[in-house]
Amino acid sequence: MSYTNPDPEPERTTGLEQGGGVPPGETPPGESSMSEAGPWEGNNPSKGWAKAPLTVILALVVLIAAGFLGYALVLIL
């Protein structure tokens, strides 16, 4: 892993005054523009829901809908 210094180099950075200050009207770089600014997010899943839980939920929804449809048909007849 390489480390880069997030501090600007005054001779190469535009919009800096003497001493490293930012003049009015200039916007300093945000946190997201600096490398290694946030936490490591290696434990997050790469995709959405897994196939098995989604299939079980979908099957339950279909069974409940069929139950309501059957109950409605019994009430009508």
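The structure reproduced in this document is the subject of the present report.

The rules behind each value
Residues numbered from 1 in each chain as written. Predicted model: local features only at pLDDT ≥ 70, side-chain atom pairs only at ≥ 80, totals over all residues. Heavy atoms only, no water. Helix = DSSP H or I, 4+ residues; strand = E, 2+ residues; numbered from the N terminus. Buried < 20%, exposed > 50% of the residue type's maximum accessible area, 1.4 Å probe, protein only. Areas by Shrake-Rupley, 256 points an atom, 1.4 Å probe, with all protein chains shown as cover. Expected span 1.5 Å × (residues − 1).

Within the protein, the regular secondary structure consists of one helix and zero strands. By residue count, 1% of the 77 residues in the protein fall in the buried class. Working note: accessible area of the protein is about 7500 Å², and carbon and sulfur atoms make up 63% of it.

The end-to-end C-alpha distance of helix H1 (residues 51–76) is 37 Å, a good match for the 38 Å that 26 residues give at a rise of 1.5 Å each. Buried residues are scarce in H1, accounting for zero of its 26 residues.

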